[in-house]
Every structure is written in C-alpha cells, then in structure tokens.
Amino acid sequence: QQQQQQQHHPITPPSQSLQHPTTTTPMTSSSTSSTTPLSYKQSTASITSEGLEDFMFDLSRLSIEEKETHGTVVPFEHFDPEEDAKKLRKAMKGLGCDKTTVWKIVAKRSTNQRQRIKLMFKTMYGKDLIKELHGELSLTTNFRSVVLALFRSKAERDAQWVRDAIAGAGTDERCLIDILVTRSNAEIIELRSAYEKFFDRDLENDIKKDTSGHFKRLLVSLLQANRPSNSTPVDAELARKDAEKLYNAGVKRWGTDESTFNVVMCSRSFPQLRATFQEYNKMCKYDIVKSIKREMSGGLKSGMLAIAKCVINEQGYFASRIQKSMKGLGTKDRELIRNIVSRCEVDMVEIKQEFLKLYGKPMSSWIKGDTSGHYESILLCLIGDKD
C-alpha cells in the first residue's frame, strides 16, 4: 500500500533522547489494598480470538509497579559517524541507490547516533542527508518513510506524524491517540515545541480545529503534559474514591458523565490508575475496559480505551495495534511504521513477547507475510529479527 509523503526539512534535534522512565512505585502509609497481583504465566493456547482482549487486559495478573522494558535497537558499540556518512554517500552515488547499505546502517543505530550521522554528512559534503535520501528513495515509498522517520529526532518524528494525521481532509484519530496517550510529559512538551518550530503552527489550536466534543477535550487534556510522574506514591484511598466516581459516572447511572472520566483518566499517574482500576473491579461487574465500551463511542471511546489498556498492559496494547495494522486485506503501512519505529528503542522486546503470547506466531512472521523487499528487511531489523 503506497502512501504519499510530504517533503520536509529536519529541525534541530533535542539535546537528549527522551525515554519512558522505569520506576518502582511505593505505596503510601494510607494504602489499604490487599489485592495480590498474579504473574503473567497463563497460556493463551486455548483462548478464542474473542477472549484475547479480556486476557490481555486482565487486571488480576498485573502489578501496580512499572516494569522494566528493553528496546531491540540499542546504541551501536563501534559507532563512527564519519565512516557511516562515507558509506551512505557511496550508497547514493551513481545510478540507483544501494538500499541494503542504507538500512543496515540506519536500523542498527540509535536515534542520537543517527542525528550525529546527519550532522557529519552535512559537515563533510555540504548536503542535507534527509533531502538526499528523499530523492534517492523516491520509488520505494514505504521503505523511504521508515528511513526518513528514523533520521528524525523523536520529537520531530512525532510532530510529522501528528501533522500528517490532521492535515488535509479527514483526521487520523488513531495516530493522535497512539501518540498523545503513550508519550511522557517531557515527550509531549518536546512534540509541541517541534511542531511549532517545524510547521510554524500551534498544535493545540490545530487539534481543536480538527476535532470536536469530548474527544477534543480529551486530546487537549493530554496535550497539557501534566500527568503526575509514575514515581508519585500510589494513594489507595484516592484510588477507592476515583473508582467510585467512575462507577457513578458510568455504569451506575443512565447516560455517561464523560467529564468525570476525563478528570480521572488524564490527571492521575499510570500506577495510580492501576490501583483505581483494581478498586473499580471490586464494585462493578464490568472491568474498566468493558465499562468504557458500554458507555462511550467514537473517538472518545477509542481514546479512553487506549488510556485504560496502556495503564494495564502498554506492551500488549502495542502488540494489538501492530497486529491490527497487518490484519485482513491490505496493510496499514503508516500505522505499522509508526508503531515499530517509535517503540523499537523503548520496549519492542516485551511487545514481541506479548505478540507471540496473544497470536501464537512471532511478529516477524506477520511482517514477512505483509511486506517485501527492503521494506520488509528494515522492519525485521528494527524488531531484532534480521542482521
């Protein structure tokens, strides 16, 4: 599936790479919860496809604490930006382009290392590497999209994806949700800055113009980058009160008080929300995921579900999104590229593990069945399944 890409110029990358923090969250002295989370050892072999989501987001198996994650792309040990710049220059000289050399360099360097290659290339040859690659890879749209995304800084990458989601006719709500729900406060702040610098526009104003209703309010809330840190101690009493508020705002009443859901879901840390969801399970016959499905619709439903699912099992959420981008006829290449590129340095090791548990086949087998050529090779390399 060929996607049209906008020509663009790189902005100055942030001074340091922003990663999701890995923390262990202590309980406050007011904590009274006696829930004992179970380990994730249950096999999905006998679970039907209809029951996969219930299994994936089953709170009883999950700990409130943040878990350690690992990327499949790590800084290259023997990194030499000058040598990489020379190889890329040679790969683009003459007729055609040596795409194998390109992906073998690009997919095996970290984001910060790629920024140094880009700077060294311009220093050595007086040319913009992004512009050179854009021209050389013009006949391989999806492969080019991956390469160009990898050569952007994390903030520039997100800014480009968000701009593509709201520019022109229609709105890619899924893209907005996936980015704004799963980025840290620092990453959202960097995104807003990059968007303004890159496009000379205000991201919040653009999203307000392109969305409406409670979905718009949800996105604006997330854009404030004001969610408490995951290292904030979990307050069990607040979790109980918030769970009661959610229950009263949804299942217990006729209609839904969306504003109450917005307050709780956007202004609490992920560990705090895990505790809230566990309390919610004690007072409602539906878990939080089923409750949201019953009470909401449209973009708001998708956004609230994304928050709930990421709170419970973020790697499971991305495994599901990657699978859905390849499921059925055709491939949602933009979504596939976005999720692999954005997670390969963060938690792709765990996402692959979740994928295998849920779908019975490795992610690589799906990629091989849905893509081909250099596009297939670079994606497999990014998830650690090709040298």
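Residues numbered from 1 in each chain as written. Predicted model: local features only at pLDDT ≥ 70, side-chain atom pairs only at ≥ 80, totals over all residues. Heavy atoms only, no water.

## Concerning the overall build of the chain
This is how the line gets drawn: Every helix listed is a DSSP run of H or I at least four residues long, and every strand listed is a run of E at least two residues long, numbered separately from the N terminus. Categorising residues by exposure relies on relative accessible area from a 1.4 Å probe, with only protein chains included: less than 20% of the type maximum marks a residue as buried, more than 50% marks it as exposed, and the intermediate range marks it as partly exposed. Contacts were defined at the residue level, with two residues in contact if any of their heavy atoms lie within 4.5 Å. Per-residue and other accessible areas were derived by the Shrake-Rupley procedure at a 1.4 Å probe size, with only the shown protein chains allowed to occlude residues.
Each helix and strand in the chain was counted, giving 20 helices and zero strands. Per-residue burial over the chain gives 53% buried out of 387 residues. At a minimum sequence separation of 6, the contacts of the chain that also span at least 24 residues come to 76%. Working note: accessible area of the chain is about 17,500 Å², and carbon and sulfur atoms make up 48% of it.

## Remarks on the pattern of salt bridges
Spelled out, the test is: One side-chain nitrogen of Lys or Arg within 4 Å of one carboxyl oxygen of Asp or Glu is enough to make a salt bridge.
Under the criterion given, the structure shown has 20 salt bridges. A salt bridge links Lys282 to Glu279, with the shortest nitrogen-to-oxygen separation between them at 3.1 Å. Residue Lys282 and its partner Glu279 are located together in helix α14 (residues 270-283), separated by three residues, close to a single helical turn. Across the pair Arg343 and Glu314 runs a salt bridge whose closest N-O atoms are separated by 3.6 Å. A residue pair is termed long-range when its members are at least 10 positions apart, and Arg343 in helix α17 (residues 333-343) and Glu314 in helix α16 (residues 298-326) qualify at 29 residues. As far as the burial class goes, Arg343 and Glu314 line up, both buried.

## Overview of the confidence of the model for the chain
Here is the rule we go by: A score from 0 to 100, pLDDT tells how confident the predictor is in each residue.
On average, the chain scores 87 in pLDDT, and the residues at 70 or more come to 84%. Within the model, the stretch residues 1-46 combines pLDDT values under 50 with 108 contacts to residues more than four positions away or in other chains.

## Brief notes about the environment of Ser138
What counts here: Between N or O atoms, a polar contact is any pair within 3.5 Å; within protein, one atom must be a potential hydrogen donor and the other a potential acceptor, and residues adjacent in sequence are included only when both atoms are from side chains.
Structurally, Ser138 is set in the loop between α5 (129-136) and α6 (141-151). A distance of 3.3 Å separates the side chain of Ser138 from the backbone oxygen of Gly135, its partner in a polar contact.

## As for α17
Here α17 lies mainly inside the structure; ten of its eleven residues are buried. Turning to α17, its buried residues number three or more, namely Asp333, Glu335, Leu336, Ile337, Arg338, Asn339, Ile340, Val341, Ser342 and Arg343.

## Considerations on the packing of aromatic side chains
Quick reminder of the rule: A pair of aromatic rings is counted whenever rings of Phe, Tyr or Trp (Trp by its six-membered ring) have centres within 6.5 Å, and the orientation is called stacked for planes under 30 degrees apart, edge-to-face for over 60 and tilted otherwise. We count a charge as sitting over a ring when the NZ of a lysine or the CZ of an arginine lies within 6 Å of the ring centre and within 35 degrees of the ring normal.
With the rule as written, the count across this model stands at seven aromatic pairs. Each member of the aromatic cluster is reached from another via a ring pair, and the members are Tyr195, Phe198 and Phe199. The cationic tip of Arg109 hangs over the ring face of Phe76; the distance from NZ or CZ to the ring centre is 3.9 Å. Just above the ring of Phe199 sits the side chain of Arg163; from NZ or CZ to the centre is 6.0 Å.

## Focus on the packing of α14 against α16
As a reminder of what qualifies: Whenever a helix is involved, its axis is fitted only over the stretch in contact; in every case the axis is a line through C-alpha atoms, and angles between N-to-C directions fall within 0 to 180 degrees. Here the word oblique covers every angle except those under 35 degrees (roughly parallel), over 145 (roughly antiparallel) and from 65 to 115 (roughly perpendicular). Three residue categories are used. Nonpolar comprises Ala, Val, Leu, Ile, Met, Phe, Trp, Tyr, Cys and Pro, charged comprises Asp, Glu, Lys and Arg, and polar comprises the others, including Gly.
For the pair α14 and α16, interaxial distance at closest approach is 9 Å and the crossing angle is 95°. Considering their axes alone, α14 and α16 lie roughly perpendicular with respect to each other. Contacts between α14 and α16 involve Phe270, Leu273, Arg274 and Phe277 from the first element and Ile307, Ala308, Cys310, Val311 and Ile312 from the second. Among the residues making up the contact of α14 with α16, the classes are represented as eight nonpolar, no polar and one charged.

## A short note on the side chain of Thr331
Note that Thr331 resides in the loop between α16 and α17. Of the polar contacts made by the side chain of Thr331, one reaches the side chain of Asp370; its length is 2.6 Å.

## Overview of the packing of helix α8 (residues 173-182) against helix α11 (residues 213-223)
Selection rule: Take the far helix as the reference: if the near one is turned anticlockwise from it by less than a right angle, the crossing is left-handed, and if turned clockwise, right-handed.
Put simply, α8 and α11 touch, their axes get as near as 10 Å, and they point 35° apart. When the axes of α8 and α11 are compared, the crossing they make is left-handed. Taking contact as the criterion, the partners of Glu173, Leu176, Ile177, Leu180 and Val181 in α8 are, on α11, Phe215, Leu219, Leu222 and Leu223. Of the residues contributing to the contact of α8 with α11, the split by class is eight nonpolar, no polar and one charged.

## Some words on the side chain of Thr111
Relative to the helices and strands, Thr111 is located in helix α4 (residues 111-125). With relative accessibility at 4%, the residue Thr111 sits in the buried group. When sequence neighbours within four positions are dropped, the list of residues in contact with Thr111 reads Arg152, Ser153, Lys154, Arg157 and Glu345.

## With respect to unusual backbone geometry
Backbone geometry places Asp200, a non-glycine residue, at a positive phi of 55°. Mapped onto the fold, Asp200 is located in the loop between α9 (185-199) and α10 (203-210). Backbone geometry places Ala225, a non-glycine residue, at a positive phi of 50°. Along the chain, Ala225 falls in the loop between α11 and α12 (236-249). According to the relative accessible area criterion, Ala225 is buried, its value standing at 11%.

## Concerning the environment of Val73
Note on placement: Val73 falls in the loop between α1 (52-56) and α2 (81-92). Judged by relative accessible area, which is 5%, Val73 ranks as buried. For the pair Val73 and Ala107, spaced 34 residues apart in the sequence, the C-alpha separation amounts to 7.4 Å. Excluding residues within four positions of it along the chain, Val73 makes contact with Ala107, Arg109, Ser110, Arg114, Cys344, Glu345 and Leu382.

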